[in-house]
Amino acid sequence: MRKLSYIAITALGCIACCGLGWAADWTTDGGDAQRTGWQKDEKTLTKDNVKNLKLIWKLKTDNVTRALFSYTPALILDNVPGATKEMAYFVGASDNLYAVDANTGKMVWSKHFTYEAPAGRGGGGGGGGNQNQDPAHLGFLGPGGSTDTPVIGPPGPNGHRPLYMTDGGGMLHTLDTANGEDLTAPFRFGNSKFAMQLVGNTLWAPIGRGMGATKLDDPTHHVYMTEGMGNSGGLWGLRGAAVDSSGTVWSTTGDGNVDTTDPNNLIIANSMVGFVIDGDHVKVKDYFTPPNWYWLWKRDLDPNNTATIFTYKGRELLVASGKECRVFLLDPKSPGNADHHTPLYKTPLFCNEDADFQDQGSWGALSTWEDASGTRWVLAPFWGPVHSQFKFPTVNTPVAKEGGVAAFKLQEVGGKLELVPVWVSRDMFRGYPPVIANGVVYSFGSGDFTKQATPERGLNFDSSLRAAQSTHATIFALDAQTGKELWSSGDTITSFNHFNGLSIANGKLYLGTYDGTLWAFGLPK
């Protein structure tokens, strides 16, 4: 939401601004509840000046990386009440929260959370048999600590804004963004993963293998959890769940079986599932399961992306993707039609020709934006090369071999909606979810060595093996209409990134890396 960036004077119900322009916030992963990745209020960076981006600060903190996890994506508030400065907030995986002056990179305050062992989601390594508890060796599927992106709520009576986050012990904290002080007493919510979601007074988060929610004005702190769901593969997507206009919360589910014969124990893996609160629990409202779900399950090609939701010509739509590497267009009111298997449209495979579960496919989250002409765009990050049979009208160079970003337009063809390919970006080593601002697409190659299994080792979740072979992240700015490269960070960033994301506000880009460094890029003063 837009807000005045400097002092506003209120009198007789009128608001006057001193005319110094708009400012932008980034209060949740992906920028909004629909997880679009679209920063509508960015006014500083443009296609003309983005070539001048420079590193404006970097900050090494005391956070200890757990497995491959270091930081969650930054949240940004302009002119924080009580702090009177623009602030960026980062969660460190070893249960740390850092509040940084966004313009100088100076630490304003930090907070460390402690709790009784066992910490968070363990550290053994998701079936790898790894018992080494050194943080560098922990299994990357369950490293413990805090790996979920927090969310910032609206101002309270004193104008201060709360930040909601969980620590590795599953306690929910409500903290003053000005100083880190507790606004309410922490309470047990559950070990959440990926990004939290705030809908009105209800906080949502993937917990365990299901979806959890709690109402922030409930003095009993009741936690609503999914009934059933069985062995449904857990909930995935780097940006967490997306919310439609009805308040339904949508998440992809990981690998597993699909069995909906028992309404009290729904097993809906490899699917896009919508959740609502019903009575004392969270229940499944509706779902879409790809018709080839069993084939996907046996190849570990689950739809692991966060979906994004938007309105096109007055109609709400949802797009989802995953490791198989096709995009599904769905109607949230009936995502799979009567049989739960029929989307409005699905693209052909645009990558992952080899059906590779680790180094190829579309990962993380989809993004979307609308240009000045009213054209709706959908952006999909991917790993590996473009499918040899899929043709993009514009192919940027160097040609994508290790990953990139694919851009589609939503169009009506023969009276039906289709996602039409437009451009594919230059090569990025493991393309990550884009953010969009002022006609520029920002994405990055993570530099993360993603191979989980080899003939010599088999499946091994010891994170140090991957870290040793990773390189460094590189951020790219692309023309949103053509995918042409406008700028890159080159070799400036010296470490890689795992399951993190870009944040953008007020002319600055933020990213955290494995080595414990926070990076901020902006225009020279």
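Scroll up a little and you will see the structure.
Here the structure is a predicted model, which means the values were calculated and not measured.

**Description of the sheet that holds strand E7 (residues 87-92)**
For step 1, the next point in the chain: Pairing is antiparallel in the open sheet, where four strands are placed in the order E6-E7-E8-E9. One side of each edge strand has no neighbouring strand; the edge strands of this open sheet are strand E6 (75-77) and strand E9 (107-112). Shown here is a sheet whose adjacent strand axes are inclined to one another by a mean of 15 degrees, direction ignored.
For step 2, the next point in the chain: Pairing analysis gives six bridges linking E7 to strand E8 (residues 96-101), with the strands arranged antiparallel. By the bridge assignment for E8, Phe-90 is matched with Tyr-98.

**Some points on the packing of aromatic side chains**
Two measures describe an aromatic ring pair: the distance that separates the ring centres and the angle between the ring planes.
For step 1, the next point in the chain: As enumerated under the stated definition, the model contains 25 aromatic pairs in all.
For step 2, the next point in the chain: Summarising the aromatic geometry, the rings of Tyr-71 and Phe-90 are spaced 6.3 Å apart at their centres and angled 70 degrees between planes, so their arrangement reads as edge-to-face. Residue Tyr-71 is found in the loop between strand E5 (54-60) and E6, and its partner Phe-90 is found in strand E7; the two are separated by 19 residues along the sequence. The pair Tyr-71 / Phe-90 is uniform in exposure class, with both members buried.
For step 3, the next point in the chain: Centre to centre, the rings of Trp-369 and Trp-377 are 5.9 Å apart; their planes meet at 15 degrees, and the pair counts as stacked.
For step 4, the next point in the chain: Judged by relative accessible area, which is 5%, Trp-369 ranks as buried.
For step 5, the next point in the chain: Residue Trp-377 is classed as buried on the basis of its relative accessible area, which comes to 0%.

**Side note on the pattern of salt bridges**
For step 1, the next point in the chain: Under the counting rule described, the total for this entry stands at 18 salt bridges.
For step 2, the next point in the chain: Of the charged contacts in the structure, one is a salt bridge between Asp-25 and Arg-161, with a shortest N-O distance of 3.4 Å. With Asp-25 in the loop between strand E4 (22-23) and E5 and Arg-161 in the loop between strand E10 (151-152) and strand E11 (162-166), this pair connects stretches of sequence that are 136 residues apart.
For step 3, the next point in the chain: For Asp-25, a relative accessible area of 13% corresponds to the buried category.
For step 4, the next point in the chain: Since its relative accessible area comes to 16%, Arg-161 is described here as buried.
For step 5, the next point in the chain: Between Glu-412 and Lys-313 there is a salt bridge whose closest N-O contact spans 3.3 Å. Of this pair, Glu-412 sits in strand E32 (residues 403-413) while Lys-313 sits in the loop between strand E25 (308-312) and strand E26 (315-320), placing them 99 residues apart in sequence.
For step 6, the next point in the chain: A relative accessible area of 45% places Glu-412 in the partly exposed class.
For step 7, the next point in the chain: What you see here is one network of salt bridges that share partners, running through Asp-359, Glu-402, Arg-430 and Lys-451.

**A short note on the state of the cysteines**
For step 1, the next point in the chain: The full count for this structure, using the stated rule, is one disulfide.
For step 2, the next point in the chain: The disulfide partner of Cys-325 is Cys-351, and the gap between their sulfur atoms is 1.7 Å. Between Cys-325 and Cys-351, the S-S dihedral sits near 105 degrees, and the bridge is therefore right-handed. Separated by 26 residues along the polypeptide, Cys-325 in the loop between E26 and strand E27 (328-330) and Cys-351 in the loop between strand E28 (345-346) and strand E29 (367-370) bring together distant segments of the chain. Of the two residues examined, Cys-325 and Cys-351, each falls in the buried class.

**Overview of the sheet that holds strand E34 (residues 435-437)**
For step 1, the next point in the chain: The antiparallel open sheet is built from four strands, whose spatial order is E34-E35-E38-E39. Taken across any chain shown, the strands that pair with only one partner, and hence form the sheet edges, are E34 and strand E39 (485-488). Sheet twist, expressed as the mean angle between neighbouring strand axes with direction ignored, is 25 degrees.
For step 2, the next point in the chain: Pairing between strand E35 (residues 440-445) and strand E38 (residues 474-479): six bridges, direction antiparallel. When the bridges of E38 are listed, Gly-445 appears paired with Thr-474.

**Regarding unusual backbone geometry**
Most peptide bonds adopt trans geometry, and most residues besides glycine take a negative phi value.
For step 1, the next point in the chain: Look at the link from Thr-397 to Pro-398: it is a cis peptide, with omega at -5 degrees.
For step 2, the next point in the chain: You can see Pro-398 is positioned in the loop between strand E31 (394-395) and E32.
For step 3, the next point in the chain: The backbone of Arg-35 sits at a positive phi, close to 55 degrees, despite the residue not being glycine.
For step 4, the next point in the chain: Phi is positive for Asn-438, close to 55 degrees, though the residue is something other than glycine.
For step 5, the next point in the chain: Along the polypeptide, Asn-438 turns up in the loop between E34 and E35.

**A look at the environment of Arg-239**
For step 1, the next point in the chain: By the element assignment, Arg-239 lies in the loop between strand E18 (235-236) and strand E19 (242-243).
For step 2, the next point in the chain: Judged by relative accessible area, Arg-239 falls into the buried class, the value being 4%.
For step 3, the next point in the chain: A sequence separation of 12 residues divides Arg-239 from Ser-251, and the C-alpha atoms of the two residues are 9.7 Å apart.

Cut-offs and rules
- Residues numbered from 1 in each chain as written.
- Predicted model: local features only at pLDDT ≥ 70, side-chain atom pairs only at ≥ 80, totals over all residues.
- Heavy atoms only, no water.
- Pairing = 2+ DSSP bridges.
- Helix = DSSP H or I, 4+ residues; strand = E, 2+ residues; numbered from the N terminus.
- Axes fitted to C-alpha atoms, helices over the stretch in contact; angles between N-to-C directions.
- Phe/Tyr/Trp six-rings, centres within 6.5 Å; stacked < 30°, edge-to-face > 60°.
- Buried < 20%, exposed > 50% of the residue type's maximum accessible area, 1.4 Å probe, protein only.
- Salt bridge = Lys/Arg side-chain N within 4 Å of Asp/Glu carboxyl O.
- Disulfide = S-S within 2.5 Å.

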